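# Summary of structural features
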Amino acid sequence: MKVLVTDNLKKYYGTGENQVKALDGVNLKVERGEFLAIVGTSGSGKSTLLHMLGGLDCPTSGKVFVDDKDISALKDDALCVFRRRKIGFVFQSYNLVPVLNVYENIVLPIELDGNTVDKAYVDRVIAVLGLKEKLESLPSQLSGGQQQRVAIARALAAKPTILLADEPTGNLDSRTSQDVLGLLKVTGEKFGQTIVMITHNEEIAQLADRIIRIEDGRILGDGRISDNDRSLKGGEADE
Ligand code: ADP
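Just so it is clear, the model here is predicted, and its values are computed rather than measured. (Residues numbered from 1 in each chain as written. Predicted model: local features only at pLDDT ≥ 70, side-chain atom pairs only at ≥ 80, totals over all residues. Heavy atoms only, no water.)

### Some thoughts on empty space enclosed by the protein
To locate leftover empty space, one rolls a probe as large as a water molecule over the atoms. On inspection of all chains with the given rule, the structure shows 2 cavities of 30 Å³ or more. The computed volume of the largest cavity comes to approximately 50 Å³. As for the largest cavity, its lining consists of Met 52, Gly 55, Asp 57, Cys 58, Pro 59, Val 64, Ile 71, Ser 72, Leu 74 and Leu 79. Grouping the constituent residues of the lining of the largest cavity by class yields 7 nonpolar, 2 polar and 1 charged. (1 Å grid on protein atoms, 1.4 Å probe; cavity = no way out; pocket = protein on both sides within 12 Å on 5 of 7 lines; lining within 4 Å. Points joined across faces, edges and corners; volume = space filled by probe spheres on them. Nonpolar A, V, L, I, M, F, W, Y, C, P; charged D, E, K, R; others polar.)

### Some remarks on the packing of helix H3 (residues 102-112) against helix H5 (residues 144-157)
Interaxial distance between H3 and H5 falls to 8 Å at its minimum, and their mutual angle equals 30°. By the angle between their directions, the pair H3 and H5 is classed as roughly parallel. Relative to H5, the crossing made by H3 is right-handed. Here Val 102, Asn 105, Ile 106, Pro 109 and Ile 110 of H3 lie close against H5, whose contacting residues are Val 150, Ala 153, Arg 154 and Ala 157. (Axes fitted to C-alpha atoms, helices over the stretch in contact; angles between N-to-C directions. Helix = DSSP H or I, 4+ residues; strand = E, 2+ residues; numbered from the N terminus. Parallel < 35°, antiparallel > 145°, perpendicular 65-115°, else oblique. Left-handed = near helix turned anticlockwise from the far one by under 90°. Contact = heavy atoms within 4.5 Å.)

### Focus: the packing of aromatic side chains
Counted under the stated rule, the structure contains 2 aromatic pairs. When the centroid spacing of 5.7 Å and the interplanar angle of 5° are considered together, the rings of Phe 89 and Phe 91 count as stacked. Classification of Phe 91 as partly exposed rests on a relative accessible area of 29%. Relative to Phe 191, the ring of Tyr 121 has its centre 5.1 Å away and its plane inclined at 75°; by these criteria the two rings are edge-to-face. Taken as a pair, Tyr 121 in helix H4 (residues 119-128) and Phe 191 in the loop between helix H6 (174-190) and strand E8 (194-199) lie far apart in primary sequence, 70 residues in all. Considered together, Tyr 121 and Phe 191 belong to a single accessibility category, that of buried residues. Positioned over the ring face of Tyr 121 is Lys 159, at 4.9 Å from the centre of the ring. (Phe/Tyr/Trp six-rings, centres within 6.5 Å; stacked < 30°, edge-to-face > 60°. Buried < 20%, exposed > 50% of the residue type's maximum accessible area, 1.4 Å probe, protein only. Lys NZ or Arg CZ within 6 Å of the ring centre and 35° of its normal.)

### A short note on the packing of H4 against H5
One way to put it is that H4 packs onto H5 with a least axis distance of 10 Å and a crossing angle of 150°. Taken together, H4 and H5 sit at an angle that is classed as roughly antiparallel. Handedness of the crossing formed by H4 with H5: right-handed. Of H5, the residues touching H4 (which contributes Tyr 121, Val 122 and Val 125) are Ala 153, Leu 156 and Ala 157. For the contact of H4 with H5, a count of residues per class yields 6 nonpolar, no polar and no charged.

### Observations regarding the site of the ligand
Near the ligand, the surroundings consist of Tyr 13, Val 20, Ala 22, Thr 41, Ser 42, Gly 43, Ser 44, Gly 45, Lys 46, Ser 47 and Thr 48. The separation between an oxygen atom of the ligand and a polar main-chain atom of Gly 45 is 3.1 Å. At 2.9 Å from an oxygen atom of the ligand is found a side-chain nitrogen or oxygen belonging to Lys 46. Burial of the ligand by the protein chains amounts to 58% of its free accessible area of 560 Å². Looking at the shell around the ligand, the elements with two or more residues in it are strand E2 (20-31) and helix H1 (46-53). At 3 residues, the largest contribution of residues to the shell around the ligand is made by H1. Of the residues contributing to the shell around the ligand, the split by class is 3 nonpolar, 7 polar and 1 charged. (Near = heavy atom within 4 Å. Polar contact = N/O pair within 3.5 Å; in protein donor to acceptor, adjacent residues only side chain to side chain. Areas by Shrake-Rupley, 256 points an atom, 1.4 Å probe, with all protein chains shown as cover.)

### Here's the deal with the confidence of the model for the protein chain
When the pLDDT values of the protein chain are averaged, the result is 88; 93% of them are 70 or greater. Looking over the protein chain, one finds the lowest element-wise mean pLDDT in helix H8 (residues 227-236), namely 41, and the highest in E2, namely 96. Every residue in residues 225-239 scores below 50 in pLDDT, and together they form 7 contacts with partners more than four places removed in sequence or on other chains. (pLDDT = per-residue confidence, 0-100.)

### A closer look at the environment of Ser 174
Examined against the element boundaries, Ser 174 turns out to sit in helix H6. Overall, Ser 174 belongs to the exposed group, its relative accessible area being 57%. Separated by 24 residues in sequence, Ser 174 and Val 150 place their C-alpha atoms 18 Å apart.

The structure is reproduced here in structure tokens:
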């Protein structure tokens, strides 16, 4: 079942000679439970796409469907509610609240939303991410990798339909990146989350189920295969 679909998604900035086509007709379908990596060079449109998928910004034209609902048609308030209920964000900077301990950080969005914490579920997320011993610690007492695991726990705790991650390991060394990403993948699978992650790091992207390549705001490739393999595959696909 498709959890996320975009239809000819475009985002243009500026006009005339200065116009930048940050997204130029993106058609994407993501299955529930899929772990998708979006790769591309700097300026290729990755962040713009992620922002559109999460309803953080509006497209110039085209549509974004989450669970069959057209979010591009939602007004500000409705979009806000949609984001809180359906989308979890993990950014390169962990954005933890420094005066709150690990547990308080993890449940903060749920409490801000006026919801009751599903203690059993949150405890499982905490256990899977190896944070049980750190619940009383303040963010400043944790390593970068641990802080990012807290940010992932916080995103998962609210049970979002889709987890959007923007260079989630951008501030971590390569060993810690692999560990954190491994955990993201495991938690995603365990809790049935769909994950869309942008990265410019090929090694990190290889951990995903599927890789989308984007350049100049367009999808160039889709699959777990290199560009060379892609042309080979194209040759085999005789219809
Ligand atoms: P990436 O995440 O792949 O580095 P972005 O999505 O941030 O790429 O940017 C895609 C293109 O859109 C770039 O050329 C960038 O300069 C341009 N762009 C992004 N945001 C804005 C903005 N707010 N105003 C004007 N141009 C923008």
